[in-house]
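Structural characterization, general
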Amino acid sequence: MARFRGSITKVSRRLGVALAPKAEKYLERRPYAPGEHGQSRRGKISEYALQLREKQKMKYLYGVLEKQFLNYYKKAVSQRGVTGDNLVKLLERRFDNVVFRAGFSPSRAGARQLVSHGHLMVNGRKVNIPSYLLKPGDTIEFRQKSRNMDAVTDSLNKAPESRIPSWVQVDKANQKAVFLSVPEREDVQEPYNEQLVVELYSK
């Protein structure tokens, strides 16, 4: 399964935004691009560079590689409504993202691992595909042999209720979640501007 294997902290510093929990402290300590000349890189940024940076933010935040991201964009274009909104909604419907939103893991990378290792079920069936798109009403739960893992219990205990979005219903005691609805764009608070990504691909 293809996935990004580089340093997410370096990418976070280059893009100027924490793309994973572990990158937050590094960004606070070194809020500039990595490398010898990281602190001296200033000046006007071109429109293309801004658009490319927003695409990179979305790709790395959701753990999606270039070809798959382009496929999401094409699917968003083919759907009714605003293309940028459609793109965000597709990414938010990813199985690994919803597992992260539910608080089963403190990061999307950890959620992706839970899914790909076959620990979870959707509507009673094992699903080990992180990119699987959930539908409203889908129920997520752990397989019998994977229930009450320490890492999951710890993550749920530390996840504040305010972090769990309104479109995901979580039963912490039984480690289950229900994907209630596809979120509206205004309900997704992430540090990117998807409209710039649409402009990039529209050229």
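Where an unreviewed UniProt entry is consulted, the protein chain appears under the name Small ribosomal subunit protein uS4, with the organism given as Prosthecochloris ethylica. Under Sequence similarities (unreviewed entry), UniProt gives the following word-for-word description of the protein chain: "Belongs to the universal ribosomal protein uS4 family." We quote the UniProt Subunit (unreviewed entry) comment for the protein chain here in full: "Part of the 30S ribosomal subunit. Contacts protein S5. The interaction surface between S4 and S5 is involved in control of translational fidelity."

What follows deals with the sheet that holds strand 4 (residues 168-171). Spatial strand order, 2-1-3-5-4: 5 strands in an open sheet with antiparallel pairing. Both edges of this open sheet fall to strand 2 (125-126) and strand 4, since each of them pairs with a single strand only. In terms of strand pairing, strand 1 (residues 120-122) meets strand 2 through 2 bridges, oriented antiparallel. Directly across from methionine 121, in strand 2, lies its bridge partner lysine 126.

The next thing to look at is helix 5 (residues 83-92). Counting buried positions over the 10 residues of helix 5 gives 8, a clear majority of the element. Buried within helix 5 we find Thr83, Gly84, Asn86, Leu87, Val88, Leu90, Leu91 and Glu92. On the buried face of helix 5, the contacting elements are helix 3 (47-62), helix 4 (66-78), helix 6 (95-101), helix 7 (108-116) and helix 9 (194-202).

Quick notes on the rules
- Residues numbered from 1 in each chain as written.
- Predicted model: local features only at pLDDT ≥ 70, side-chain atom pairs only at ≥ 80, totals over all residues.
- Heavy atoms only, no water.
- UniProt positions renumbered as here; feature names shortened; annotations may be inferred.
- Pairing = 2+ DSSP bridges.
- Helix = DSSP H or I, 4+ residues; strand = E, 2+ residues; numbered from the N terminus.
- Buried < 20%, exposed > 50% of the residue type's maximum accessible area, 1.4 Å probe, protein only.
- Contact = heavy atoms within 4.5 Å.

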